[in-house]
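What follows is each chain in one-letter form.
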Amino acid sequence: MEKKKKNLTAYERGYSKILPCVFVIISLLIILLPLQTTVNSVRMVLSYIFIPQLRASHGVTQYLDGVNETVGNLLKVAEENAILKEEIAFLKIQTSKMESLEKENERLTSALALSKRENWRGVWAKVAYREPSRRGSVIIDKGTDDGVELRSPVIAIQNGSAGLAGNVVEVTPKTAKVLLLNDEDFSAAARVESKAVEGLISGDGNNGVNLKYLPLESAVEKGDKVYTSSSGALFPDGILIGEIRETGYESKRSYDTSLTSEIRPIIDVGSVKEVFVMPALKRGREGKDA
Amino acid sequence: MLKFLNVFLIFMVATILNWTAIELFAPLDINIGIMLIFSIIMAGVLSEGGGYCFAFMSGLFLDFFSATLFGGYALVFTLIMFIFYRIDDKIDFRDMGPQIVITAALNLLCVVLYGISGVIFTGGFLWQGLKSFIIGSLLTGLFMPFLYVFVTKYLLFKVFKENNENKTLF
């Protein structure tokens, strides 16, 4: 609608002055004249004429009442929906926590049973931090306050089997750093169970472990189990490391003086969550009781 | 003829909305001036003669359904239109602010003038109550922008929008 521009002619100006006066006079006449009977008759007629509008307005009112109720219900539903979504999210978190706890419980139960059976002494610790850039070490949540010492052997239990995981290389009162056996800097004396030959294990920097310096005549075979040897003075004797995956005969060169075999570790150190830290070996004492 | 039909249609819609407002707000003792809103809107659309006619008919319609002073609303609406046309060229009624303020003020004036006409013609002030006077006027003002958009966008025929400059009676 445009703003009005009043360019009225003289006729229109007069007309616009007269018109309100005419309507005022008519209004006054309606008020003053005794028209009650006529008004009542007209009112009756108008009532009939306006019945459709009355019905329509009643319909509109009912519709608006319904809208009000519907909007109210929608708001209530939206509110309930938000609450339920929050509850679902909370329950999902709880379920996830419960599943995690259940798995942890299973792991710890089997680990506890195994540690009792083997009569090990030491302390259980959780992996608190794993460096994303370096896969060969982890930080555990136990330190000197809990009896963890430098060079303490660290074992882990997976699928009901206990195996060597690494050893402590740094320790603080509350935490300790464990060098895992897949690290290139890790080394330990090891023996092949059935052949009574010894070598030195060290990590290959990935997930594998090599058993080096085996005598050429050792005749190791695939599947032979490899254990720690007490001759290294770092680990107690008899902790399972893994089994021979590749004997090394295949890649042996003519000038080699020893064999290097590949070992499949019994523990997947990349997924270790809890470890058992044994006391560091000292002269005349071992972590494993006889 | 088309303009007359359009005005008649708008008047019918106004009556429906007026009764709807009565049905909704009467339990709260609040009177919304729907017919006044439509009279003001149509005063902006129609020529001065048409605006007076629409306002007078709107007032008369209210008079037929009020039991107190027959002709009172017709008189008051005519006076309100007279005032509106005096201020119409000084304000831009397309803005929401002036629409709300002017309509609320005119509704207050309407209630007062109707009360005074009651004093003159019936011997008693026709008072609707303070709540209706204040809240009713405020709500009337607030309804104005919505109804203004509703009427100008959806109810007005093209013929009004095209020939706004050359107004005839309708």
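Residues numbered from 1 in each chain as written. Chains lettered and ligands numbered in written order. Predicted model: local features only at pLDDT ≥ 70, side-chain atom pairs only at ≥ 80, totals over all residues.

### Here's the deal with the sheet that holds strand β11 (residues 258-265) of chain A
All names here are of chain A.
No. 1: The strand order around the closed barrel formed by six strands is β6-β7-β8-β11-β10-β9, and the pairing between neighbours is antiparallel. Strand after strand, the sheet turns through a mean of 40° between neighbouring axes, direction not considered.
No. 2: Pairing between strand β9 (residues 225-228) and strand β10 (residues 240-246): three bridges, direction antiparallel. By the bridge assignment for β10, K225 is matched with E243. (Pairing = 2+ DSSP bridges. Helix = DSSP H or I, 4+ residues; strand = E, 2+ residues; numbered from the N terminus. Axes fitted to C-alpha atoms, helices over the stretch in contact; angles between N-to-C directions.)

### Examining the pairing of strand β7 (residues 197-203) of chain A
Residue and element names in this part refer to chain A.
No. 1: As paired elements, strand β6 (residues 187-192) and β7 share six bridges and run antiparallel to each other. Bridging from a neighbouring strand, A188 pairs with I201 of β7.
No. 2: What sits between the antiparallel neighbours β6 and β7 is a turn of four residues, in which A196 has the positive phi angle 55°.
No. 3: The pairing of β7 with strand β8 (residues 209-215) spans four bridges and is classified as antiparallel. Paired with L200 across the two strands is K212, which belongs to β8.
No. 4: Where β7 folds back onto β8 in an antiparallel hairpin, the turn is made up of five residues, including G205, whose phi is positive at roughly 90°.

### A word on the confidence of the model for chain A
Where the model shows low pLDDT, its predicted coordinates should not be examined in detail.
All names here are of chain A.
No. 1: Summarising the model, chain A shows a mean pLDDT of 81, and 87% of its residues fall at 70 or more.
No. 2: Mean pLDDT in chain A bottoms out at helix α2 (residues 36-49), which sits at 77, and peaks at strand β5 (residues 176-180), which reaches 91.
No. 3: Low pLDDT (under 50) marks residues 1-5, which in the prediction has ten contacts with non-local residues, meaning those over four places away or in another chain. (pLDDT = per-residue confidence, 0-100. Contact = placed C-beta atoms within 7 Å.)

### Regarding the interface of chain B and chain A
No. 1: At the junction of the two partners, chain B supplies 29 residues and chain A supplies 29 residues.
No. 2: Those elements that place two or more of their residues in the side of chain B that touches chain A are α1 (2-25), α2 (34-45), α3 (48-64) and α4 (72-88) of chain B.
No. 3: For the side of chain B that touches chain A, the element with the highest residue contribution is α1 of chain B, accounting for seven residues.
No. 4: Looking at side-chain class alone, the side of chain B that touches chain A contains 14 nonpolar, nine polar and six charged residues. (Nonpolar A, V, L, I, M, F, W, Y, C, P; charged D, E, K, R; others polar.)

### What to know about unusual backbone geometry
Residue and element names in this part refer to chain A.
No. 1: For R151, which is not a glycine, the phi torsion comes out positive at approximately 70°.
No. 2: With a phi angle near 60°, Y213 is a residue other than glycine that sits in the positive phi range.
No. 3: Here Y213 lies in strand β8.

### With respect to the sheet that holds strand β2 (residues 137-140) of chain A
No. 1: Strand order in the closed barrel formed by six strands is β1-β2-β5-β4-β3-β12 (chain A), with antiparallel pairing between adjacent strands. Across the sheet, the mean angle separating the axes of adjacent strands is 45° when strand polarity is ignored.

### Digging into the nonpolar core
No. 1: Counting residues in each nonpolar core, the largest one holds 51 residues, and the members touching the most others are I37, I41, V76 and I80 of chain B.
No. 2: Sorting the residues of this core by element identifies α1 (10-32) of chain A together with α1, α2, α3, α4, α5 (96-122) and α6 (130-155) of chain B as the ones contributing at least two each.
No. 3: The element best represented in this core is α2 of chain B, accounting for ten residues.
No. 4: In this view, I37 of chain B contacts T103, T140, F143, M144 and L147 of chain B; residues no more than four positions away in its chain are not counted.
No. 5: One finds A165, V178, L181 and F186 of chain A within the second-largest nonpolar core, a separate group that totals 42 residues. (Core = buried A, V, L, I, M, F, W, Y, C linked by C-beta atoms within 7 Å. Buried ≥ 20, exposed ≤ 12 C-beta atoms within 10 Å, placed from the backbone.)

### A look at α1 of chain B
No. 1: For α1 of chain B, built from 24 residues, the straight-helix expectation of 34 Å at 1.5 Å per residue is met to within 8% by its first-to-last C-alpha distance of 34 Å.
No. 2: Among the residues of α1 of chain B, V7, I10, A14, T15, I16, L17, N18, W19, T20 and A21 of chain B are the ones counted as buried. (Expected span 1.5 Å × (residues − 1).)

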